[in-house]
Amino acid sequence: MHCPYCRHTDTKVLDSRVSEDGTAIRRRRRCESCDKRFTTVELMQLTVLKRSGATEPFTRDKAIAGVRKACKGRPVSEDDLACLGQTVEDTLRNEGAAEVPAHEIGLAILGPLRALDPVAYLRFASVYKAFSSADDFEDEIALLRMEQAASLVEPVETSSVEGDSSVGRDSSVERDSSVERSRDHAVPTG
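Residues numbered from 1 in each chain as written. Predicted model: local features only at pLDDT ≥ 70, side-chain atom pairs only at ≥ 80, totals over all residues. Heavy atoms only, no water.

Q: Any chance you could explain the packing of helix H1 (residues 60-70) against helix H4 (residues 118-128) here in plain terms?
A: Each packed pair of helices is defined by two parameters, the angle between the axes and the distance between the axes. Closest axis-to-axis distance for the H1/H4 pair is 8 Å, and the angle between their directions is 120 degrees. Put simply, H1 runs oblique to H4. As for the relative orientation of H1 and H4, their crossing is right-handed in sense. Residue-level contacts link Gly66, Val67 and Ala70 of H1 to Ala120, Arg123 and Phe124 of H4. Looking at the contact of H1 with H4 residue by residue, the class counts come to four nonpolar, one polar and one charged. (Axes fitted to C-alpha atoms, helices over the stretch in contact; angles between N-to-C directions. Helix = DSSP H or I, 4+ residues; strand = E, 2+ residues; numbered from the N terminus. Parallel < 35°, antiparallel > 145°, perpendicular 65-115°, else oblique. Left-handed = near helix turned anticlockwise from the far one by under 90°. Contact = heavy atoms within 4.5 Å. Nonpolar A, V, L, I, M, F, W, Y, C, P; charged D, E, K, R; others polar.)

Q: Looking at this model, I keep getting lost on the sheet that holds strand S2 (residues 24-31). Mind explaining?
A: Whether parallel or antiparallel, the strands of a sheet pair through hydrogen bonds between backbone atoms. Strand order across the open sheet formed by three strands is S1-S2-S3, with antiparallel pairing between neighbours. With partners counted over all chains shown, the strands left at the sheet margins are strand S1 (11-18) and strand S3 (37-43), one partner each. Pairwise comparison of adjacent strand axes, ignoring direction, gives a mean angle of 25 degrees for this sheet. When S1 meets S2, the two strands line up antiparallel, connected through seven bridges. Within the sheet, the bridge partner assigned to Lys12 lies in S2 and is Arg30. (Pairing = 2+ DSSP bridges.)

Q: Help me understand the pattern of salt bridges, please; the structure alone is not making it clear to me.
A: Opposite charge on two side chains makes pairing possible when the charged atoms of those side chains draw close. Under the defined criterion, the tally for this structure stands at 13 salt bridges. The residue Glu56 makes a salt bridge to Lys62 at a minimum N-O spacing of 2.8 Å. Relative accessible area serves as the criterion here: at 24%, Glu56 is assigned to the partly exposed category. Among the salt bridges present, the one from Arg114 reaches Glu147, with a minimum N-O distance of 3.6 Å. Here Arg114, found in helix H3 (residues 102-116), pairs with Glu147, found in helix H5 (residues 134-152); they are 33 residues apart in sequence, far enough to count as distant. (Salt bridge = Lys/Arg side-chain N within 4 Å of Asp/Glu carboxyl O. Buried < 20%, exposed > 50% of the residue type's maximum accessible area, 1.4 Å probe, protein only.)

Q: How do you make sense of the environment of Val127 when you look at a structure like this?
A: Of note, Val127 is situated in helix H4. By relative accessible area, Val127 is classed as exposed at 68%. Residues Val127 and Gly66, 61 residues apart in the sequence, show an inter-C-alpha distance of 9.5 Å.

Q: Just checking my understanding: could you explain unusual backbone geometry for this structure?
A: One can expect most non-glycine residues to show negative phi and most peptide bonds to be in trans. Of note, Asp35 is a non-glycine position whose phi angle comes to about 65 degrees, a positive value. Mapped onto the fold, Asp35 is located in the loop between S2 and S3. At Ala130, a position not held by glycine, the phi torsion is positive, near 55 degrees. When you line up the elements, Ala130 lands in the loop between H4 and H5.

Q: Where do I start with the nonpolar core in this structure?
A: Across soluble globular proteins, nonpolar side chains have a tendency to be buried as a group. In this structure, Val67, Leu92, Ile105, Ile109 and Leu113 are the most contacted members of the largest nonpolar core, which totals 26 residues. Among the secondary structure elements, those contributing two or more residues to this core are H1, helix H2 (78-94), H3 and H4. When near neighbours in sequence (up to four residues on either side) are disregarded, Val67 contacts Leu81, Leu84, Ile109, Leu113 and Phe124. (Core = buried A, V, L, I, M, F, W, Y, C linked by side-chain atoms within 4.5 Å.)

Q: Got a minute to help me understand the sheet that holds strand S6 (residues 99-101) in this structure?
A: If you walk across this open sheet you meet the three strands as S5-S4-S6, and the pairing is mixed. Two strands in the sheet have a free side with no partner beyond their single neighbour: strand S5 (55-57) and S6. Direction aside, neighbouring strands of the sheet carry axes that sit 35 degrees apart on average.

Q: Looking at this structure, how should I read the environment of Ala63?
A: Looking at the element boundaries, Ala63 is found in helix H1. Note: C-alpha distance between Ala63 and Gly85 (22 residues apart in sequence) is 7.1 Å. Ignoring sequence-local partners within four residues, the contact set of Ala63 consists of Phe58, Ile105 and Ile109.

Q: Is there a simple way to think about the side chain of Glu89 in this case?
A: Inspection of the secondary structure puts Glu89 in helix H2. Within the structure, the side chain of Glu89 is placed 2.7 Å from the side chain of Arg60, a separation counted as a polar contact. Residues contacting Glu89, with those up to four places away along its chain left out, are Leu46, Phe58 and Arg60. (Polar contact = N/O pair within 3.5 Å; in protein donor to acceptor, adjacent residues only side chain to side chain.)

Structure below.
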């Protein structure tokens, strides 16, 4: 390890600690030449196994490059993309495998992108899932609408106050008709 101050190659490890999540090792070092201290962090290197059988190191920037294209013209900031990239990398690292098939990266992107921007999700999914017709888009939009509808319907606690007419009814089954009408004509706005 080269000293970042004097570029000397002889450094001594003073302390090593594994991170709480177990994915990195933090080492405190001292340069034998200039006596300055510095910290290094060692991360497990993720390797991407491509369809051709070739391998290459995982790079977050490359993973979000396709997402950036899908988000073009959408209200998604670079910070949003950076957070998405971090989420994807964390998901892959938490699986514990050093080598990840390329299609797993796409799968890891789909969930966070769906939550970030549904339109960008549809754009990305259309390429990743190789949509071949308008029916494929309609099916995916129907899934998005069902998820959106499920998130709108939340169970409401029933009151146990005497004389309350809602006692004994399962209010989670009831739906507001205005929500029902608006859902039938909803268009994802992102």
